[in-house]
Structures are given as structure tokens and as C-alpha cells.
Amino acid sequence: MATLGIPANTIAVLQKYDFNFQKKFGQNFLIDTSVLDRIIAASEITKEDMVLEIGPGIGTMTQYLCEAAREVVAVEIDKNLIPILEDTLSAYDNVTVINQDILKVDINKLAEERNGGRPIKVVANLPYYITTPIIMGLFESHVPLDSITIMVQKEVADRMQVGPGTKDYGALSLAVQYYAKPEIIANVPPNCFMPRPKVGSAVIKLNRYEQPPVQVEDEALMFRIIRASFNQRRKTLANGLKNGGIPVTKEELVEILGKMGLTENIRGEALTLEQFADLANNIKNLKH
Ligand code: SAM
């Protein structure tokens, strides 16, 4: 395997194809074999697995994934990378490269067709400009998932695992923690990439729960409540819900909060996942 993780090999490929980095696609290619080894080890891929890679770039991590998995599907938006990938992945017959925007790919259909609907593993050094929509899309569309092992901006990795009472706590934290158990694998400095990003990065693994840790009757309603609460962080929960069009009157909310042992002036950012679930179940069961 020609290790593209060695900087000189990446440079040789880029020069051979006269490749120009596209900032708008968040292109920062990994050039550190120890980081690649850690991502692959953390993802715990076996020869049974189908892996979805988002944004293969020149195929650096894809080569490792092909060695470890039964089948790899790699979705890359930049058409200039497609001939390069054909070259760098020519030794593997268990990889399919799809030239598309990941946000437009029907991943459920892919998992159905190529993995019989069984849980897939997602591994990626994500383009940072669309980290949140990619993760939310994977969870909310109920793609059969075993785990997601991803490189993200350090600050975003922090947001995924914090609880109430910290400035990083928000809708992303709650969504991630409802669907998965987050685990930070490694902090990765800018010099592990070409070109170097302006921010620090981290590898985080999200292990999908078989059953969410809280019981919610109406998941969509809970996430509407969460979004409404965090849309206006500085305001009280009551104001956030009112402005977010959540179907509860002020009086009803005060009563529900009282039952939950919370004051009517509480802010959404103070509530735990359990409390959001409780609140959503109470609002759902209101007899209007
Ligand atoms: N996996 C490679 C590596 O680690 O060296 C490249 C990672 S780079 C941070 C992100 C990759 O995602 C780039 O190749 C970029 O072109 C691709 N990309 C950006 N937006 C995308 C999208 N919407 N759909 C699919 N791929 C995308």
C-alpha cells in the first residue's frame, strides 16, 4: 500500500495531477500516518463491515478502510478528485467512489442495497463547513448505523459531549447524546494536514445506542422544543417556546415546570436531556 499519509507521497500525487485545493470544499488532507492508524483502530472495522467514507480527498484514509473493511463507499463532491481516486485506489476492488454532495445522497438506500439494511460504519475526516448538517442528517434520517468515527473541529467535538452549564452546550450536544455515546479519541494539531487548517481538530467516535437513554413519545416534538430553547439562549425557556411556536400556553408550561421541580424563569440551556424528554412528553400529553 502506497501510504499517502507520508507528506512526500501526497505532494507527488498533487503535483502529478496539478491539483488545486478548493477552500469552499473544506479540503485539508491528512498527512500523518499515526493519526490515520488511530482513526482506523478506533473505528473497529472488520471484514464484515460496510464503511461509508465522506470526502475521501485523494484516498489517503480510503486505502486503510479498503484494507480493513468488506466494502467501502466513498462520496466525494469535487469532480477533480475522481481521476486521482481512480489511480490511488486502483489496487482495490472493494471500493465504490460516488461523485456527489453527501447531503444529497440517500444513505438509507445505500445501506439497504449494499448491506442488506444492516448497520454501517461511517468514517471521515469531515469538511468542517457542513459537520453539523452531516451528523444531524445521519441521525435524523435513521440510517442504520453502528458508529461514526470522524475528524471534526476541536470546538465541535467539545460541543458534542458537554452537558448543561457550559457555553458549548446546545442543540448539537443534545442530538448527539440522544442517539449516541460520544468518545474523544485524539486531539489533532493543524500540522497533521495539508494545507493546515486555522483551528485545532479532534477525532471523536459516536457509538450509536440501540435504545436512546431517555424515553420520548414524540422525538420530532422534543427536537423542536430543543431548537426553540437554544434559538434564543439569553431568553427564558417560556419565551423561547412561545416564539418557537411550541403548542403550550404560559399557564400550562408553568404547571409542567412546577411538576418537574423547575422555576418558570429557567433557561433552556439549564435543562438536561432527561428534562427535555420529560418536558416534551408532558407537552405531548396536554389535552387541548
Ligand atoms: N479524507 C481526506 C483526507 O483525510 O485526507 C480528505 C478530507 S477533507 C477535510 C474533506 C473532503 O470532503 C474533501 O475531499 C472535500 O472535497 C470533500 N467534501 C466537501 N464537501 C463535500 C460534500 N458536500 N460531499 C462530499 N464530499 C465533500
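Residues numbered from 1 in each chain as written. Predicted model: local features only at pLDDT ≥ 70, side-chain atom pairs only at ≥ 80, totals over all residues. Heavy atoms only, no water.

Caption draft 1: Molecular detail of the packing of helix H8 (residues 171-179) against helix H9 (residues 219-231). For the pair H8 and H9, interaxial distance at closest approach is 9 Å and the crossing angle is 155 degrees. Accordingly, the angle class assigned to the pair H8 and H9 is roughly antiparallel. Of the residues in H9, those touching H8 at Ala 171, Leu 174, Ala 175, Tyr 178 and Tyr 179 are Glu 219, Met 222, Phe 223, Ile 226 and Phe 230. A class-by-class count of the residues in the contact of H8 with H9 yields nine nonpolar, no polar and one charged. (Axes fitted to C-alpha atoms, helices over the stretch in contact; angles between N-to-C directions. Helix = DSSP H or I, 4+ residues; strand = E, 2+ residues; numbered from the N terminus. Parallel < 35°, antiparallel > 145°, perpendicular 65-115°, else oblique. Contact = heavy atoms within 4.5 Å. Nonpolar A, V, L, I, M, F, W, Y, C, P; charged D, E, K, R; others polar.)

Caption draft 2: Layout of the site of the ligand. Taken together, 23 residues are adjacent to the ligand, and Gly 55, Glu 76, Asp 101, Asn 125 and Tyr 129 come closest. Between Pro 56 and the ligand, the recorded distance is 3.5 Å, taken from a backbone N or O atom to a nitrogen atom. Residue Ile 77 places a main-chain N or O atom 3.3 Å away from a nitrogen atom belonging to the ligand. Protein coverage of the free-state accessible area of the ligand, which is 590 Å², stands at 99%. Here the shell around the ligand is built from residues that sort into twelve nonpolar, seven polar and four charged. (Near = heavy atom within 4 Å. Polar contact = N/O pair within 3.5 Å; in protein donor to acceptor, adjacent residues only side chain to side chain. Areas by Shrake-Rupley, 256 points an atom, 1.4 Å probe, with all protein chains shown as cover.)

Caption draft 3: Inspection of the nonpolar core at higher detail. In this structure, Leu 52, Ile 150, Met 160, Leu 206, Met 222, Leu 241 and Leu 279 are the most contacted members of the largest nonpolar core, which totals 68 residues. Ignoring anything within four residues of it in the chain, the contact list for Ile 150 reads Ala 124, Leu 126, Ile 135, Met 160, Ala 202, Val 203, Ile 204 and Leu 206. (Core = buried A, V, L, I, M, F, W, Y, C linked by side-chain atoms within 4.5 Å. Buried < 20%, exposed > 50% of the residue type's maximum accessible area, 1.4 Å probe, protein only.)

Caption draft 4: Representation of the packing of H9 against helix H12 (residues 273-284) in the model. Closest axis-to-axis distance for the H9/H12 pair is 9 Å, and the angle between their directions is 115 degrees. The two elements H9 and H12 cross, and the hand of that crossing is right-handed. Taken together, the residues of H12 that come into contact with H9 (itself represented by Leu 221, Met 222, Ile 225, Ile 226, Ser 229 and Phe 230) are Leu 273, Phe 276, Ala 277, Leu 279, Ala 280, Ile 283 and Lys 284. Looking at the contact of H9 with H12, its residues break down into eleven nonpolar, one polar and one charged. (Left-handed = near helix turned anticlockwise from the far one by under 90°.)

Caption draft 5: Here's a closer look at the sheet that holds strand S4 (residues 95-98). Here seven strands make up an open sheet; going across it, the order is S4-S3-S2-S5-S6-S9-S7 and the pairing mixed. The open sheet is flanked by S4 and strand S7 (180-188), the only strands paired with a single partner. Within the sheet, the average angular offset between the axes of one strand and its neighbour, ignoring direction, is 15 degrees. Relative to strand S6 (residues 145-153), strand S5 (residues 120-125) runs parallel, the two being bridged by six bridges. Residue pairing in the sheet places Lys 121 in a bridge with Ser 147 of S6. (Pairing = 2+ DSSP bridges.)

Caption draft 6: Structural context of the side chain of Asp 168. Along the chain, Asp 168 falls in the loop between helix H7 (154-161) and H8. Here Lys 167 takes part through its side chain, which lies 3.3 Å from a polar atom of the side chain of Asp 168. With sequence-adjacent residues up to four places away left out, Asp 168 is seen in contact with Asp 158, Arg 159, Val 162 and Ser 173.

Caption draft 7: Molecular detail of unusual backbone geometry. At the junction of Met 194 and Pro 195, the peptide bond is cis and its omega measures out at -15 degrees in the coordinates. Along the chain, Pro 195 turns up in the loop between strand S8 (193-194) and strand S9 (201-208). Phi at Glu 44 is positive, roughly 50 degrees, even though this residue is not glycine. Inspection of the secondary structure assignment puts Glu 44 in the loop between helix H2 (33-43) and strand S2 (50-54).

Caption draft 8: Structural context of the pairing of strand S3 (residues 71-75). Counted residue by residue, S3 has five buried out of five residues, so it is predominantly covered. The side-chain alternation of S3 yields two buried faces, one formed by Glu 71, Val 73 and Val 75 and the other by Val 72 and Ala 74. The pairing of S2 with S3 spans five bridges and is classified as parallel. Of the residues in S3, the one forming a bridge with Val 51 is Val 72.

Caption draft 9: Seen up close, the packing of aromatic side chains. Going through the model one piece at a time under the given rule, you end up with nine aromatic pairs. Here the aromatic rings of Phe 19 and Phe 21 are separated by 5.5 Å at their centres, their planes lie at 85 degrees, and the arrangement is edge-to-face. Relative to Phe 230, the ring of Tyr 169 lies with its centre 5.7 Å away and its plane at 80 degrees, an arrangement referred to as edge-to-face. Residue Tyr 169 is found in the loop between H7 and H8, and its partner Phe 230 is found in helix H9; the two are separated by 61 residues along the sequence. Comparing Tyr 169 with Phe 230, the two get one shared label, buried. Here a set of aromatic residues connected by ring pairs shows up, and it is made of Phe 139, Tyr 178, Tyr 179 and Phe 223. (Phe/Tyr/Trp six-rings, centres within 6.5 Å; stacked < 30°, edge-to-face > 60°.)

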